[in-house]
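Residue-level listing of the chains:
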Amino acid sequence: MDDVASSPTDPYTQAGVDTAAGDLAVELMKSAVRRTHGPEVLGGVGGFAGLFDASALLGYTKPLLATSTDGVGTKVAIAQAIDKHDTIGQDLVGMVVDDIVVVGAKPLFMTDYIACGKVVPERIADIVRGIADGCAATGTALVGGETAEHPGLLGIDDYDVAGAATGIVESAGVLGAERVRDGDVVLALASSGPHSNGYSLVRHIVTGAGIGYGDHAAEFGRTWGEQLLEPTRLYTTPLLRLIEQLGDGIHSLSHVTGGGIAANLARVLPKGSWVDVDRSTWSPSPVFRVLADLGGLELERTEGTWNLGVGFFAVVASDVADAATAALRAEGIDTWQVGVVGTGARPAGDYEQGAKGVDGGAVRLIGAYREAGAN
């Protein structure tokens, strides 16, 4: 007898949910997921819950678990528009796992959730392969996930992705504002583009300019969709190596995501401290300049939305700043000094403070951005 779930008379199938397609998607993604599994992962793919051997935690004096959850946002709309889904997964890992390294934690495992209007197995497998590749690059085990088909709620080609990850850090090694001191140097780590933030503004500008995502973008030598899907740079592994190399010299880290440059740096500075971030130390990436020109915007007006070429900040002791810069550049991440932490009388002017409920330091951007192409 045929399985009821695969029968054309099955009421669930008639309601628009294809369980057979879901099973095929799992089969297509299995090998990619398994590549992220070390001996700590038990039970394989397909269980109700992922199992991770926590015996390694016994080697910590006071282990703290760090956790983060996030999604990719409206960047997925561009992936859907040009039917390219193999990089969105890396964006998800960047948004989730790179938040964990901010406190100095090593990621352990991650789970994902994909909601879609219709399961297209190859599409789901592309998304998950991207997640698995990102997990492998950051030393994170992808231990489980869920794909949910929501006919009537989402369109046939619509989907959204989200994820959550857990990491571990020794209590004595937690990074944060309490470690920051007067005279610490603020280093900027280059982004690969908009990452996964500010895409509602990106899409508004592109649509308003009458541009299609499949249109050729002469400025970039590829289509607009391909340029805007440039995946999020992953910082976890290089930063963990930096922490191991320079130890107590690394005081706090900031992931430049929603809220932009000043707000995210302010979150990892102590109350009463301040930093003037010097715009003249870098030239925003071409993609930001082109988008701003299309939208009739000054770059300064987008600083609370886009990262403008800065994906991370590292606040470090002044005596390790050169070594940290050299180490990160050796990892392929352009890094430069943008400011110095002050704890004395703050200069007059408008500073951003108290971002996302954190009563931290104060940050403002000063000066003018370096001209495109200038050294």
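Along each chain, the written sequence defines residue order, and numbers are assigned to residues from 1. For a predicted model such as this one, the threshold for reporting local features is a pLDDT of at least 70, and the threshold for listing and counting side-chain atom pairs is 80 or more; totals across whole chains, interfaces and linings nevertheless cover every residue. For side-chain calculations, the full set of non-hydrogen atoms in the structure is used, while hydrogens and water are omitted.

## Some words on the packing of helix α6 (residues 199–208) against helix α10 (residues 286–295)
Here's step 1: Helix axes are fitted only over the stretch in contact, all axes being lines through C-alpha atoms; the angle between N-to-C directions runs from 0 to 180 degrees. Think of it this way: any DSSP run of H or I at least four residues long counts as a helix, any run of E at least two long counts as a strand, and we number them from the N terminus. Where α6 contacts α10, the two axes come as close as 9 Å, and the packing angle between them is 55°. Considering the angle they form, α6 stands oblique to α10. Of the two elements, α6 crosses α10, and the hand of that crossing is left-handed. Side by side, α6 and α10 meet where V202, I205 and V206 of the first sit next to L291, L294 and G295 of the second.
Here's step 2: Residue polarity is assigned by list, with Asp, Glu, Lys and Arg as charged and Ala, Val, Leu, Ile, Met, Phe, Trp, Tyr, Cys and Pro as nonpolar; anything else, Gly included, falls into the polar class. Within the contact of α6 with α10, the residues separate by chemical class into five nonpolar, one polar and no charged. If an angle is under 35 degrees, it is roughly parallel; if it is over 145, roughly antiparallel; if it lies from 65 to 115, roughly perpendicular; otherwise it is oblique. With the far helix as reference, a near helix turned anticlockwise by less than a right angle produces a left-handed crossing, and one turned clockwise produces a right-handed crossing. The contact rule is simple, with two residues in contact once any of their heavy atoms fall within 4.5 Å.

## Focus on the pairing of strand β11 (residues 274–278)
On a regular strand, each side chain points to the face opposite its neighbour's, so the side chains alternate between the two faces of the sheet.
Here's step 1: Most of β11 sits out of view: four of its five residues are buried.
Here's step 2: Here β11 runs beside strand β15 (residues 362–366); their pairing, made up of five bridges, is parallel. For W274, the partnering residue across the bridge sits in β15 and is A362. We call a residue buried when its accessible area falls under 20% of the maximum for its residue type, exposed when it is over 50%, and partly exposed in between, using a 1.4 Å probe and counting protein chains only. Pairing between strands requires that DSSP locate at least two bridges from one strand to the other.

## Remarks on the side chain of S252
Here's step 1: When you line up the elements, S252 lands in strand β10 (residues 250–255).
Here's step 2: The definition of a polar contact used here is a pair of N or O atoms within 3.5 Å, where within protein one atom must be able to donate a hydrogen and the other to accept one, and adjacent residues in sequence count solely through side-chain atom pairs. A distance of 3.1 Å separates a polar atom in the side chain of S252 from the backbone oxygen of V268.
Here's step 3: Sequence-distant contacts of S252, that is, excluding residues within four places in its chain, are made with L175, G176, A177, V180, V268, F313, A314 and V315.

## Regarding the sheet that holds strand β5 (residues 141–149)
Here's step 1: Reading across the sheet, the four strands line up as β3-β6-β4-β5 and stay open at both edges, with mixed pairing between neighbours. In the strand order of this sheet, the two ends are held by β3 (63–71) and β5, each with one partner. Strand after strand, the sheet turns through a mean of 15° between neighbouring axes, direction not considered.
Here's step 2: Set on the sheet, helix α4 (residues 88–100) makes contact with β3, β4 (106–116) and β6 (159–170); between it and β3 the angle comes to about 145°.
Here's step 3: Each of β4, β5 and β6 touches helix α5 (residues 121–138); the most contacted strand, β4, lies at about 170° to it.

## Focus: the pattern of salt bridges
Here's step 1: A pair is scored as a salt bridge if a Lys or Arg side-chain nitrogen falls within 4 Å of a carboxyl oxygen belonging to Asp or Glu. Evaluated as defined, the whole model comprises eleven salt bridges.
Here's step 2: Measuring nitrogen to oxygen at the nearest pair gives 2.6 Å for the salt bridge that ties E303 to R279. With a gap of 24 residues between them, E303 in the loop between α10 and β12 (310–316) and R279 in the loop between β11 and α10 connect regions that are remote in the sequence. With respect to burial, E303 and R279 carry one shared label: buried.

## Digging into the packing of helix α8 (residues 236–246) against helix α11 (residues 321–330)
Here's step 1: Running from amino to carboxyl end, α8 crosses α11 at an angle of 145°, the nearest separation of the two axes being 10 Å. Seen along the crossing, α8 lies across α11 with a hand that is right-handed. Side by side, α8 and α11 meet where P238, L239, L242, Q245 and L246 of the first sit next to A323, A324, A327 and L328 of the second.
Here's step 2: Here the contact of α8 with α11 is built from residues that sort into eight nonpolar, one polar and no charged.

## Looking at the packing of aromatic side chains
Here's step 1: For Phe, Tyr and Trp, rings pair up if their centres lie within 6.5 Å, where Trp contributes its six-membered ring, and each pair is then called stacked (planes under 30 degrees apart), edge-to-face (over 60) or tilted (otherwise). Applying the stated rule across the entire model yields five aromatic pairs.
Here's step 2: An angle of 45° between the planes, with centres 4.9 Å apart, marks the rings of Y235 and F312 as tilted. In this pair, Y235 sits in the loop between α7 (224–228) and α8 while F312 sits in strand β12, placing the two residues 77 residues apart along the sequence. Note on accessibility: Y235 and F312 belong to one class, buried.
Here's step 3: Residues W282 and W336 carry aromatic rings whose centres are separated by 6.0 Å and whose planes lie at 45° to one another, so their mutual orientation is tilted. Of this pair, W282 sits in the loop between β11 and α10 while W336 is found in strand β13 (residues 335–340), placing the two residues 54 residues apart along the sequence.
Here's step 4: Members of the aromatic cluster, joined through ring pairs, are W282, W336 and Y369.

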